[in-house]
Amino acid sequence: MSEKINPLRRRFLGIAALSIAATQLGRFGLANAQSSQTQPKEAATPQPGTAQSTDPNAIRPFTPSARDIRGASPYLPLENEPEPKLIVDPPLPQGLALGIFWAQYRVENLRIVPVFGAGAIQTSPRVGHLHITVDDLPWWWADASDTNTIDIAGLPPGPHKVKIELVDPNHNVFPGQVVTQTFTIPEYQSAHAH
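The sections below set out a description of the structure shown in this document. (Residues numbered from 1 in each chain as written. Predicted model: local features only at pLDDT ≥ 70, side-chain atom pairs only at ≥ 80, totals over all residues. Heavy atoms only, no water.)

With respect to the overall build of the chain
For clarity, the threshold we go by: Helix numbering and strand numbering both begin at the N terminus, where a helix is a DSSP run of H or I of at least 4 residues and a strand a DSSP run of E of at least 2. Note on exposure labels: buried denotes an accessible area under 20% of the residue type's maximum, exposed denotes more than 50%, and partly exposed covers the range between, all computed with a 1.4 Å probe on protein chains only. Computed with the Shrake-Rupley method and a 1.4 Å probe, the accessible areas treat only the protein chains shown as cover for residues.
A tally of regular secondary structure across the chain gives four helices and eight strands. Listing each helix as α and each strand as β along the chain from the N terminus yields α-α-β-α-β-β-α-β-β-β-β-β. Looking at the chain residue by residue over its 194 residues, the buried ones come to 26%. For the chain, the exposed area adds up to about 13,500 Å²; of that, 57% sits on carbon and sulfur atoms.

Digging into the pattern of salt bridges
The following threshold applies: In what follows, salt bridge is the name for a side-chain nitrogen of Lys or Arg lying within 4 Å of a carboxyl oxygen of Asp or Glu.
Applying the stated criterion to the full structure yields four salt bridges. The residue Glu108 makes a salt bridge to Arg106 at a minimum N-O spacing of 2.8 Å. In this structure, Asp136 engages Lys161 in a salt bridge whose closest nitrogen and oxygen atoms are separated by 2.9 Å. Residue Asp136 is found in the loop between β4 (127-134) and β5 (141-143), and its partner Lys161 is found in strand β7 (residues 158-167); the two are separated by 25 residues along the sequence. For Asp136, a relative accessible area of 58% puts it in the exposed group.

Observations regarding the environment of Ala97
Rules: Contact definition: two residues touch when any of their heavy atoms are within 4.5 Å.
Within the secondary structure layout, Ala97 lies in the loop between α3 (93-96) and β2 (101-108). For Ala97, a relative accessible area of 39% translates into the label partly exposed. If we ignore the near neighbours within four places in the chain, the residues touching Ala97 are Pro186 and Tyr188.

Re unusual backbone geometry
With omega at 0°, the peptide bond leading from Ser124 into Pro125 counts as cis. We note that Asp146 has phi near 55°; this positive angle belongs to a residue other than glycine. Mapped onto the elements, Asp146 comes out in the loop between β5 and β6 (149-152). Residue classification places Asp146 among the partly exposed residues on the basis of a relative accessible area of 41%.

Observations concerning the side chain of Asp168
Threshold: The sign given to each residue is positive for Lys and Arg and negative for Asp and Glu; His and the chain ends receive no count. Contacts described as polar in this section are N or O atom pairs within 3.5 Å, which, within protein, must combine one atom able to donate a hydrogen with one able to accept it, while residues neighboring in sequence count only if both atoms come from side chains.
When you line up the elements, Asp168 lands in the loop between β7 and β8 (173-185). Buried and without a salt bridge, Asp168 has Arg126 as its closest oppositely charged side chain, separated by 8.3 Å. Separated by 2.8 Å, the side chain of Asp168 and the backbone nitrogen of Asn170 make a polar contact. When near neighbours in sequence (up to four residues on either side) are disregarded, Asp168 contacts Ile121, Val127, Gly128, His129 and Phe174.

Considerations on the environment of Pro77
Within the element layout of this structure, Pro77 appears in the loop between α2 (66-70) and β1 (85-88). Take Pro77: its relative accessible area is 62%, and that puts it in the exposed class. Separated by 48 residues in the primary sequence, Pro77 and Pro125 have C-alpha atoms spaced 5.8 Å apart.

Structural notes on the packing of aromatic side chains
Applied cut-off: Pairing of aromatic rings covers Phe, Tyr and Trp, the last counted by its six-membered ring, and requires centre-to-centre distances within 6.5 Å; plane angles under 30 degrees mean stacked, over 60 mean edge-to-face, and any other angle means tilted.
Enumeration according to the criterion identifies two aromatic pairs in this entry. On the basis of an interplanar angle of 40° and a centroid distance of 6.3 Å, the ring pair of Trp139 and Trp141 is categorised as tilted. A relative accessible area of 48% means that Trp139 is categorised as partly exposed. Residue Trp141 is classed as partly exposed on the basis of its relative accessible area, which comes to 29%.

Following this line, the structure appears as C-alpha cells:
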C-alpha cells in the first residue's frame, strides 16, 4: 500500500533537502575558495535601510563563523598549537611611486599584540609582534599594532630592502618566519602625500 504524502509535507521535505544540499555545497565552495586565495571572501550582508528576504523558503549562503575567520578565542588555551606563519604581500606600487613602502601582511596561529616578556611566552593562543629592518641598518623597530600594513615613508629613489620578522614576546624570531622584500623607489615629486 502506498501512503499519500500531504502536499505541504512534500514541499517541506523538498525544501529541507535543498537547504542541506546548499549548505554542503556552500561549505565545499568556501573550502575551495579559501584554499586558492590568501583571504576568504566576505559574505554579502544587507546594507542598512535595505530589505532582507523574509521568505522562509529562501536558500541562504553559508556564512563562515567568527572562528573560521578570526581563529580561536583568546579565553581558552590551545593544545598542540600549530607553528606561527607570516605572510607578506609585495609592496603596493601606488606607494612606491610616492616614496612609500606599503606592504600588507597577515599571520596565522599567532596574535600580534603589545605584550612583552617572559610571562607572555606562556600565553595561549600564542602572541608576538613584528621586527622591521630597512636596508640592513643596524637597528630595527617592533610593530605590535596589527594594522595589516607595514608603512615606511620618505624612502629616497633607488633600490631598497625591508626585512619583516615574526617574533615572540622576548624578540626571538620564529624559525623560518622572515620575509624580505626588495624593491625600487622610482624618481618622484617629494610631496607630503602621507
